[in-house]
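Spelled out from the first residue to the last, the chains are:
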Amino acid sequence: MGELVSIIVPTYNRAYCIQRTIDSVRAQSHVNWELIVVDDGSSDDTAELIRSNIAEDSRIRYVYQDNTGVSAARNTGIRAATGDLVAFLDSDDVWKSWKLNLQVQCFRAFPEIGMVWTDFASVDRLGAIVNQRHLRTMYHAYRFFPTPESLFPEGHELSCIGMTGLEGGMKPRVYIGNIYSAMLRGNLVHTSTVMVSRDRLNCVKGFDEALLLSGEDYDFHFRTCKWGKVCFVDVPSTMYQVDSSDRLSHYRAQVAMNFAKTVEAAIAREKGSGSFSASAINEVLAEAHGWAAEELFKTKDRSRAGAHAFRSLRHNPRQPRLALLLGLAIVPVQVSEALVRTYRYLKHAV
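Here goes a summary of the coordinates provided.

Thresholds, definitions, all that
Residues numbered from 1 in each chain as written. Predicted model: local features only at pLDDT ≥ 70, side-chain atom pairs only at ≥ 80, totals over all residues. Heavy atoms only, no water. Axes fitted to C-alpha atoms, helices over the stretch in contact; angles between N-to-C directions. Helix = DSSP H or I, 4+ residues; strand = E, 2+ residues; numbered from the N terminus. Parallel < 35°, antiparallel > 145°, perpendicular 65-115°, else oblique. Left-handed = near helix turned anticlockwise from the far one by under 90°. Contact = heavy atoms within 4.5 Å. Salt bridge = Lys/Arg side-chain N within 4 Å of Asp/Glu carboxyl O. Buried < 20%, exposed > 50% of the residue type's maximum accessible area, 1.4 Å probe, protein only. Nonpolar A, V, L, I, M, F, W, Y, C, P; charged D, E, K, R; others polar.

## As for the packing of helix H1 (residues 18–26) against helix H2 (residues 46–56)
Interhelical geometry of H1 versus H2 gives an angle of 20° and a closest axis separation of 11 Å. The pairing of H1 with H2 is recorded here as roughly parallel in orientation. When you trace H1 past H2, the crossing you get is right-handed. Contacts between H1 and H2 involve Ile 18, Gln 19, Ile 22 and Arg 26 from the former and Leu 49, Ile 50, Asn 53 and Glu 56 from the latter.

See the structure below:
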């Protein structure tokens with residue numbers, strides 16, 4: 001049967017779509033798995049639906065907890081998991097039937113790796129393909145790494161290493177290396193495509209439950225990459241539902257602040273180690289705090305917007321837009337609003 005894979009699915013009020021997710025797990029060609037569904041306080045029919053699935057398949061387990069967030073739910077699943085390999089899957093996403101088999105074969109071929117992730121396709125609520133290759137679209141840090149070869153400078157590029165069971169006989173490229181320094185630029189890993197070894201998971205410890213609404217994925221994958229080599233398979237193994245997860249657009253300020261918090265924590269823990277270059281640190285901190293300043297100013301949180309603008313300018317003074325934002329944040333509200341109105345008027349008058 002092969003290695004036992006523990007699959008962790010956190011969910012909250014998704015009885016309307018989680019059956020498709022469970023069906024994609026039950027359709028896996030690698031059959032030695034346990035599915036741990038962690039219900040984060042749902043008030044819909046999730047419990048009844050999962051229990052009906054358990055009656056049909058003893059590999060499925062259900063854990064209920066009060067609503068405490070996706071990080072806490074995933075950590076609950078990690079504690080309950082018994083497999084030497086652990087995979088994560090969101091409750092509105094769907095896997096290709098060969099996904100687990102592909103990644104298990106990667107761990108067999110390269111025992112030094114601690115994580116495998118892949119590309120993914122984005123779909124709408126009806127399952128229609130929006131983007132066949134969505135990884136580089138969703139994660140903006142890929143602008144620094146336009147090709148897998150640029151992300152893996154050690155030159156580890158391999159063919160399909162004899163993998164079997166993939167649809168259409170496809171032979172995706174497999175890349176092995178240490179990308180910890182690259183992860184400072186931003187997240188490069190999509191959680192629903194991830195499989196991680198128990199040894200690596202023991203080093204990482206779990207998700208940061210203090211990161212609310214967003215950023216917990218980036219922080220987790222960043223720390224996962226700290227502990228050694230990882231593997232990327234350049235093939236879409238997962239169908240990601242875009243319209244449900246785009247709710248984060250309503251929390252842009254929190255997303256930006258969590259990004260700044262994550263990179264600052266990484267820089268602090270690596271101080272003096274040489275893991276990140278001074279130029280990369282300056283560029284990332286300028287971008288992170290500048291982004292937070294912009295988003296906070298939109299919410300009229302002038303005090304924190306000004307603080308982040310000042311910190312961004314310390315790392316890169318040549319940002320006239322941020323300098324203007326800082327000025328608008330520190331002058332009286334009536335003055336800043338008058339200046340903004342004048343600017344908009346002149347902009348449209350030209």
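## Notes on the pattern of salt bridges
Counted under the stated rule, the structure contains 20 salt bridges. Between Asp 217 and Arg 74 there is a salt bridge, and its shortest N-O distance comes to 3.5 Å. Of the two residues, Asp 217 sits in helix H8 (residues 216–226) while Arg 74 sits in helix H3 (residues 70–80), which places them 143 residues apart along the sequence. The exposure class of Arg 74 is buried, given its relative accessible area of 2%. Here Arg 304 and Asp 301 are joined by a salt bridge, their closest N and O atoms 2.7 Å apart. We classify Arg 304 as partly exposed; its relative accessible area is 41%.

## Looking at the packing of helix H11 (residues 278–298) against helix H13 (residues 320–330)
At a closest axis distance of 11 Å, the pairing of H11 and H13 adopts a crossing angle of 45°. In this view, H11 runs oblique relative to H13, as classed from their interaxial angle. For the pair H11 and H13, the sense of crossing is left-handed. Contacts between H11 and H13 involve Gly 290, Ala 293, Glu 294 and Phe 297 from the first element and Arg 321, Leu 322, Leu 325, Leu 328 and Ala 329 from the second. The residue makeup of the contact of H11 with H13, split by class, is six nonpolar, one polar and two charged.

Take it as geometry only, folks, not as evidence of what the structure does.
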